[in-house]
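Here is what each chain is made of, one letter per residue.
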2 protein chains.
Amino acid sequence: MPEYSSMDKTTLKEEYKKLSDAYAQYKSQGLSLNMARGKPGAEQLNISNDMLLSLSPESIFKTSDCPDCRNYGNLDGIDEAKQLFADIMGVDKKNVFVGGNSSLNMMFDTIACMMELGCSGEKPWNQQGKIKFLCPVPGYDRHFGVTGYFGIEMINVPMTENGPDMDIVEELVSSDASIKGIWCVPKYSNPQGITYSDETVKRFAALKPAAKDFRIMWDNAYIIHDINDTPDTLLNIFDEVKKNGNEDMVFEFCSTSKITFPGAGVAAAAASENNLAILKKRYNFQTIGYDKLNMLRHVLYFKNLDGVLTHMQKHRAILEPRFNMVTDMLEKQLSGLGAASWAKPNGGYFVSVDVAEGCAKRVVQLCKEAGVILTGAGATYPYGKDPKDSNIRLAPTYPPVEELEKAMDIFCICVKLAVIEKLTK
Amino acid sequence: MPEYSSMDKTTLKEEYKKLSDAYAQYKSQGLSLNMARGKPGAEQLNISNDMLLSLSPESIFKTSDCPDCRNYGNLDGIDEAKQLFADIMGVDKKNVFVGGNSSLNMMFDTIACMMELGCSGEKPWNQQGKIKFLCPVPGYDRHFGVTGYFGIEMINVPMTENGPDMDIVEELVSSDASIKGIWCVPKYSNPQGITYSDETVKRFAALKPAAKDFRIMWDNAYIIHDINDTPDTLLNIFDEVKKNGNEDMVFEFCSTSKITFPGAGVAAAAASENNLAILKKRYNFQTIGYDKLNMLRHVLYFKNLDGVLTHMQKHRAILEPRFNMVTDMLEKQLSGLGAASWAKPNGGYFVSVDVAEGCAKRVVQLCKEAGVILTGAGATYPYGKDPKDSNIRLAPTYPPVEELEKAMDIFCICVKLAVIEKLTK
């Protein structure tokens, strides 16, 4: 089939009629399918069930720096957990803070800490008037939620296939001292699955911000989350910032939420000693310490980085066919129509689809009416506003595989319907 | 022996010489004993070890309102955990938010939420200029830490045997709209072990604050933590505030930190629907949800409130002889000397000792030099400043029982030494 835009209206209307019939058939089935959230599926959760046996009444609860993991103490986590996360992130364990069950919560607390205490000798962010954050788009809605909650103005920066457009980032960051930070998902970005190129990471590390208290929020959520045998590689940001004397510019985050259990994993942050000292000023009042038994459970289960990587192969075995199905169906049904574009990621949790401008909301609505829930159109942009109304995030991990196939078929139909509607308006 | 103050200096100096010899003997032993923090001892932690077997790969992870506790979701906890905490606190489960492993963290987040969002239609606390909190003294150092962190001015309110001096509380709260809250540990208060009388609770519930956004932080940390067969009873604050139309005035907190594991328990808050709605405005950005597997672990282990109460009897069996030893030794060694006063608590985690004015720091220092660590003098007061330098908090739970006896003997010697030093100066 040729591109829709090259077809005459009569042909398009015939095509629309055929698609409408298929759509109506699906609609009549009263389906309830969900491709909205990046949640692991039940099969993936089962992989980690044996971790629940890590601890028993006979366990030894003493670790190298904790007399009893069942009791209070160890504000920044137990040494063995720090080492495991240090190995995952490629940093020294003295730069690791192991927290609770949510890296999002650690990012929230980090922003709150900057708001209340500030950093690099500057005033707290909440005493500096209007401040801003750069937001590579499309991006992760919950990042934008955190910055929005704290009243920080968000500025869109377009993503390229190599990461955020660094010309724009460099220009803005070096010229505007009210820009205090940027959100990054540097590997298998949410939603596009893009891994920042070496040059992008080097340019990040070499930034010369106008604001001394500028911070990169390096959310490495998918750091070891490959889904095929051609995984991306990401340069280690901490190695690079050291070369530029910019150690204090980065907070890195990761968690086991998508390694073991999303509701019951362990999260960690990596940062310079200066930055950790600031975070601890706040954490010291916030809590006595996080769940060390859950840290110990993870450490005993995985033993070391090799254990984690072997475990990730099991996730990959489940996820690879799902992602293949999604991108194969996009290829088969939408390729060449000029109705949508997408890229096939090598890891992460999403497939990002850019439909023809002005059609995303309509696609999401059509899908919803046929019983397929997608992430809301606009959710991948600050303030929920996609200026082109184009980006849609597909999350292939959660639904059972037979539901996923059906949902994708409906999605492709809806994309075609919406684009033809627009062309024949 | 008569009161020290009625003895002549020569007799006192003889007494001092004898005590110094005993002190020197202890000092020469190079001891390392600790009565500083309210941590459960190892024997207590063992009680809950079987809870680690609650979950296994064969467990059912679906609960009444959660399709899979291993996955994301349920911001305010699972229904079964809400019900358990509702039964512990005597409230409706719709008024319960189940959080992470730390009630301190929930209190911190609650104050942060009031600072950032405000309540009862008033401006956020951080936009109201100087605000204040009432702090019954002696009290819990970490409460004061939280208010201090947020720059809230703290005003001491003296404790009586029935709770905070309510004449002062009523007068201040009704006349000063900059007073936004009060910290309360209403049952077995930290450190005195005082339970607020019915009249005190009723007067709290009937407060008519000048500030519409005044909040009582009701930290019910020791709600079921009796240590003998004459436990105190506390009126249910939520029943009382309802009678006065004051439902929005209270946040209640509790946790299983001193029921199961201090590092790996579950914390919860109870509040009116209005207040929960405000908290959720913040939590919704802060996290996707807390550790539901740990909630499930607790629910499966305890089954219901009866299960929890039976469990608490095991703690009591361990704690009662320790507390008896501490108060018996105080009685035997310090009674009648006019050197110190104390009360025997029916529950909680501490014995509070008021030594003669101006002697607390010296006692703590003498103890330290003999290898006995106590909570720092002044820690039970805002800003670490005990105006009378008199209060010392003893924590009898953590050290092994034979160490506790030795530590208490040293403590009593140090009290006597410090008081005689003052009288003979």
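Small disclaimer: the values here were computed from a predicted structure and weren't measured.

Undergrad: Help me understand the overall build of chain A in this model?
TA: Secondary structure assignment for chain A yields 13 helices and 13 strands. For a compact globule of 425 residues, the expected C-alpha radius of gyration is about 22 Å, and chain A comes in at 23 Å, within 12% of that figure. A burial count over chain A gives 53% of its 425 residues as buried. Considering only contacts in chain A between residues 6 or more positions apart, those separated by 24 or more positions represent 77%.

Undergrad: Just to check I follow, could you spell out the pairing of strand β6 (residues 179-184) of chain A for this structure?
TA: On any regular strand, side chains alternate: one points to one face of the sheet, the next to the other face. Residues and elements named next belong to chain A. Of all 6 residues that make up β6, 6 are buried, and the element is covered over most of its length. Strand direction decides the pairing type here: strand β3 (residues 132-137) and β6, joined by 3 bridges, are parallel. Within β6, the residue paired with K132 across the bridge is I179. When β6 meets strand β7 (residues 215-219), the two strands line up parallel, connected through 4 bridges. Paired with W183 across the strands is M217, a residue of β7.

Undergrad: Would you mind showing me how to read the interface of chain A and chain B here?
TA: For an interface, size is often stated in terms of accessible area lost upon the parts coming together. Every contact between the two is made by 41 residues of chain A and, on the other side, 40 residues of chain B. Sorting the residues of the side of chain A that touches chain B by element identifies α2 (42-47), α4 (103-117), α5 (141-149), α9 (273-286) and α10 (292-302) of chain A as the ones contributing at least two each. Ranked by the residues each element gives to the side of chain A that touches chain B, the list is headed by α4 of chain A, at 4 residues. Residue composition of the side of chain A that touches chain B, by class: 21 nonpolar, 13 polar and 7 charged.

Undergrad: Where do I start with helix α3 (residues 79-89) of chain A in this structure?
TA: Owing to its 3.6 residues per turn, the α-helix brings residues three or four apart onto one side. Residue and element names in this part refer to chain A. Residues of α3 that are buried: E80, A81, K82, L84, F85, I88 and M89. Those residues of α3 that are buried lie in contact with β2 (96-98), β8 (250-255), β9 (267-271), α10 and α11 (305-334). Two residues or fewer after α3 comes G90, characterised by a positive phi angle close to 70°.

Undergrad: Explain the sheet that holds strand β7 (residues 215-219) of chain B to me, please; I cannot follow it from the model alone.
TA: Strand pairing in a sheet is mediated by backbone hydrogen bonds. Such pairs are either parallel or antiparallel. Residues and elements named next belong to chain B. Here we have 8 strands laid out as an open sheet, ordered β2-β9-β8-β7-β6-β3-β4-β5, and mixed in their pairing. Each edge of the open sheet carries a strand with a single partner, namely β2 (96-98) and β5 (163-164). In terms of strand pairing, β7 meets strand β8 (residues 250-255) through 4 bridges, oriented parallel. The residue of β8 that forms the bridge with I216 is V250.

Undergrad: Whenever I open this one, the packing of helix α1 (residues 9-27) of chain B against helix α13 (residues 401-423) of chain B confuses me. Can you help?
TA: Two quantities define a packed helix pair, namely the angle between the helix axes and the distance between the axes. All names here are of chain B. Contact geometry of α1 with α13 gives a least axis separation of 10 Å together with a crossing angle of 145°. Remark: the crossing between α1 and α13 carries left-handed chirality. Within the contact between the two elements, α1 uses L12, E15, Y16, L19, S20, A22, Y23 and Y26 and α13 uses I410, I413, K416, L417, I420 and L423. Split by residue class, the contact of α1 with α13 holds 11 nonpolar, 1 polar and 2 charged.

Undergrad: Teacher, can you tell me more about the nonpolar core here?
TA: Generally speaking, soluble globular proteins have nonpolar side chains that are buried together. Counting residues in hydrophobic clusters, the biggest one holds 278 residues, and the most contacted among them are V355, V363 and V415 of chain A together with V355, V363 and V415 of chain B. In contact with V363 of chain A, not counting residues within four places along its chain, are V355, I392, C414, V415 and A418 of chain A.

Undergrad: I'm lost on the relation of the copies chain A and chain B in this one. Help?
TA: One copy of the chain maps onto the other through a rotation about an axis followed by a shift along the same axis. Expressed as a screw transformation, the operator carrying chain A onto chain B has a rotation angle of 180° and an axial translation of 0.0 Å, and the superposed copies differ by an RMSD of 0.1 Å. This pairing of chains is accounted for by a two-fold axis. With an isologous cut-off of 70% or more, the 98% of interface residues of chain A that recur at the interface of chain B puts this contact in the isologous class.

Undergrad: Can you walk me through the environment of I224 of chain B in this structure?
TA: Residue and element names in this part refer to chain B. Mapped onto the fold, I224 is located in the loop between β7 and α8 (237-243). Here I224 falls in the buried class, since 20 other C-beta atoms lie within 10 Å of it. For the pair I224 and M89, spaced 135 residues apart in sequence, the C-alpha to C-alpha distance is 9.4 Å. Aside from chain neighbours lying at most four places away, what touches I224 is I88, V308, L309 and M312.

Undergrad: When you look at the sheet that holds strand β10 (residues 340-342) of chain B in this model, what are you seeing that I'm missing?
TA: Residue and element names in this part refer to chain B. In space, the 3 strands of this open sheet follow the order β10-β11-β13, with antiparallel pairing throughout. Both edges of this open sheet fall to β10 and β13 (391-394), since each of them pairs with a single strand only. Recorded for the sheet is a direction-independent mean angle of 25° between the axes of neighbouring strands. Two strands pair when backbone bridges link them, and strand β11 (residues 351-355) and β13 are joined in this way by 4 bridges, in the antiparallel orientation. Across the sheet, the residue bridging to V353 is I392, located in β13. Taken strand by strand, helix α11 (residues 305-334) contacts β10, β11 and β13, and its axis lies near 20° from that of β11.

Undergrad: Got a minute to help me understand unusual backbone geometry in this structure?
TA: Glycine aside, the phi torsion of most residues is negative, and most peptide linkages are trans. Residue P191 of chain A follows N190 of chain A across a cis peptide bond; omega there is 10°. Within the element layout of this structure, P191 of chain A appears in the loop between β6 and α7 (198-205). Put simply, V137 of chain B and P138 of chain B share a cis peptide bond, and its omega is -5°. With respect to the helices and strands, P138 of chain B occurs in the loop between β3 (132-137) and α5 (141-149). Phi angles above zero are rare outside glycine, and K303 of chain A is one such case at about 70°. Mapped onto the elements of the fold, K303 of chain A is located in the loop between α10 and α11. On the basis of neighbour counts, which here come to 12 C-beta atoms within 10 Å, the residue K303 of chain A falls in the exposed class. Look at D389 of chain B: it is not a glycine, yet its phi comes out positive at around 45°. By the element assignment, D389 of chain B lies in the loop between β12 (372-374) and β13. By C-beta crowding, D389 of chain B is classed as buried, having 20 other C-beta atoms within 10 Å.

Undergrad: Whenever I open this one, the confidence of the model for chain A confuses me. Can you help?
TA: Detailed reading of predicted coordinates is not advised where the pLDDT is low. Looking at chain A as a whole, the pLDDT averages 97, with 100% of positions reaching at least 70. Taken together, the chains of this predicted complex give a pTM of 0.97 and an interface ipTM of 0.97.

Undergrad: Just to check I follow, could you spell out the environment of I420 of chain A for this structure?
TA: Residue and element names in this part refer to chain A. Looking at the secondary structure, you find I420 in helix α13 (residues 401-423). In sequence terms I420 and F150 are 270 residues apart; their C-alpha atoms lie 41 Å from each other. Non-local contacts of I420, meaning those with residues more than four positions away in its chain, are made with Y4, L12, E15 and Y16.

The rules behind these values
- Residues numbered from 1 in each chain as written.
- Chains lettered and ligands numbered in written order.
- Predicted model: local features only at pLDDT ≥ 70, side-chain atom pairs only at ≥ 80, totals over all residues.
- Helix = DSSP H or I, 4+ residues; strand = E, 2+ residues; numbered from the N terminus.
- Rg over C-alpha atoms; globule rule 2.2 N^0.38 Å.
- Buried ≥ 20, exposed ≤ 12 C-beta atoms within 10 Å, placed from the backbone.
- Contact = placed C-beta atoms within 7 Å.
- Pairing = 2+ DSSP bridges.
- Nonpolar A, V, L, I, M, F, W, Y, C, P; charged D, E, K, R; others polar.
- Axes fitted to C-alpha atoms, helices over the stretch in contact; angles between N-to-C directions.
- Left-handed = near helix turned anticlockwise from the far one by under 90°.
- Core = buried A, V, L, I, M, F, W, Y, C linked by C-beta atoms within 7 Å.
- Least-squares fit on C-alpha atoms with pLDDT ≥ 70 in both.
- pLDDT = per-residue confidence, 0-100.

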